[in-house]
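# Report on the structure
Below are the chains, spelled out letter by letter.
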Amino acid sequence: MRLDHISYACTTSEIADVIQRIGGDLGAAFTDGGRHPSFGTRNFTLPLGDGCYIEVVSALDHPAAEKAPFGRAVAQVANTGGGWFSWVVSVDDIAPVEERLGREARDGHRIRPDGVELCWKQLGILNVMENPELPFFVEWSCPDTEHPSAGGSPVVIERIEISGDPAAIGEWLDTDAMSPLGDIAVDWVEGEEPGIVAVWFTTPNGSVRID
């Protein structure tokens, strides 16, 4: 189990400005990740140097965005001002997580503009909607396809500011809350709405905080 990516949600009309702002602050470029047809969303991704990546995601004007939990969750954050949506942990096998939580993962896929298809299973979005400090789980299921972090960059996540209960997060993960984050530090913030408050990045030009 490790940190896979962090997601930032915004409206479709704002997505160009958001990726320009975040990419400009970090000195790195996003690429078009394509659409998630079963979720009614689309994203842009920025690979990082630690095997993680940033996703900027928006809900489309599509029936799937109203039906799929992921589309609804993204729209919920975007329509209340946008911002960091969730952190995501990857597992090699999601079956034990399904058994522990008592429900099945949802299949996801997207086709990048270059024609490459990415496939995965994800679980926990409904819980994130209720408790935004929790991460959700993903298992990548296209073994021959490059992970979105492929190529990397000099930019890495330095630390994350999270408002929430470390014990509740640890119980949800069935491990210590810090375990999936490796060397990434966590600043536990009080007095904020639950969830990711800000992310600090180490860049060639120094530390950058993005909220």
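Residues numbered from 1 in each chain as written. Predicted model: local features only at pLDDT ≥ 70, side-chain atom pairs only at ≥ 80, totals over all residues. Heavy atoms only, no water.

## Focus: the packing of aromatic side chains
The tally for this structure, following the rule as stated, stands at 7 aromatic pairs. Ring geometry for Phe-137 against Trp-172: centres 5.5 Å apart, planes inclined by 45 degrees, an arrangement best described as tilted. In this pair, Phe-137 is assigned in strand β8 (residues 136-140) and Trp-172 in helix α6 (residues 166-173), connecting sequence segments 35 residues apart. Judged on exposure class, the residue Phe-137 and its partner Trp-172 are both buried. Each residue in the set Phe-39, Phe-70, Phe-85, Trp-120, Phe-136 and Trp-140 is aromatic and connected to the rest through ring pairs, giving one cluster. Cation over ring: Arg-159 sits above Trp-200, and NZ or CZ is 4.2 Å from the ring centre. (Phe/Tyr/Trp six-rings, centres within 6.5 Å; stacked < 30°, edge-to-face > 60°. Helix = DSSP H or I, 4+ residues; strand = E, 2+ residues; numbered from the N terminus. Buried < 20%, exposed > 50% of the residue type's maximum accessible area, 1.4 Å probe, protein only. Lys NZ or Arg CZ within 6 Å of the ring centre and 35° of its normal.)

## Quick notes on the sheet that holds strand β9 (residues 156-163)
The strand order across the open sheet formed by 4 strands is β10-β9-β11-β12, and the pairing between neighbours is mixed. Two strands close off the open sheet at either side, each with one partner strand: β10 (185-188) and β12 (206-210). Geometrically, the sheet is characterised by an average inter-axis angle of 20 degrees between neighbouring strands, direction not taken into account. (Pairing = 2+ DSSP bridges. Axes fitted to C-alpha atoms, helices over the stretch in contact; angles between N-to-C directions.)

## So, the nonpolar core
By size, the foremost hydrophobic cluster in this structure holds 43 residues, and its most contacted members are Ile-6, Ile-54, Val-56, Trp-84, Trp-87, Ile-157 and Phe-201. When residues in this core are grouped by element, the largest group, 5 residues, is from helix α1 (residues 15-26). The next biggest cluster of nonpolar side chains, apart from the first, holds 19 residues, and it includes Ala-59, Ala-65, Ala-75 and Leu-118. (Core = buried A, V, L, I, M, F, W, Y, C linked by side-chain atoms within 4.5 Å.)

## So, the pairing of strand β11 (residues 195-203)
β11 sits mainly inside the fold: 7 of its 9 residues count as buried. Of the pairings in the sheet, the one linking β9 to β11 comprises 7 bridges and is antiparallel in character. Looking at β11, one finds that Ile-162 is bridged to Ile-196. Pairing analysis gives 5 bridges linking β11 to β12, with the strands arranged antiparallel. Its bridge partner being in β12, Thr-202 is matched across the sheet by Ser-207.

## Side note on helix α3 (residues 69-78)
Here α3 lies mainly inside the structure; 7 of its 10 residues are buried. Phe-70, Gly-71, Ala-73, Val-74, Ala-75, Val-77 and Ala-78 are the residues of α3 that are buried.

## A short note on the pattern of salt bridges
Tallying each qualifying case throughout the model produces 9 salt bridges. Salt-bridge contacts for Asp-32 lead to Arg-42; the nearest nitrogen and oxygen are separated by 3.0 Å. With Asp-32 in strand β2 (residues 31-36) and Arg-42 in strand β3 (residues 41-47), this residue pair connects regions lying 10 residues apart in the sequence. For Asp-174, the salt bridge identified is with Arg-100, shortest N-O distance 4.0 Å. Taken as a pair, Asp-174 in the loop between α6 and β10 and Arg-100 in helix α4 (residues 95-101) lie far apart in primary sequence, 74 residues in all. (Salt bridge = Lys/Arg side-chain N within 4 Å of Asp/Glu carboxyl O.)

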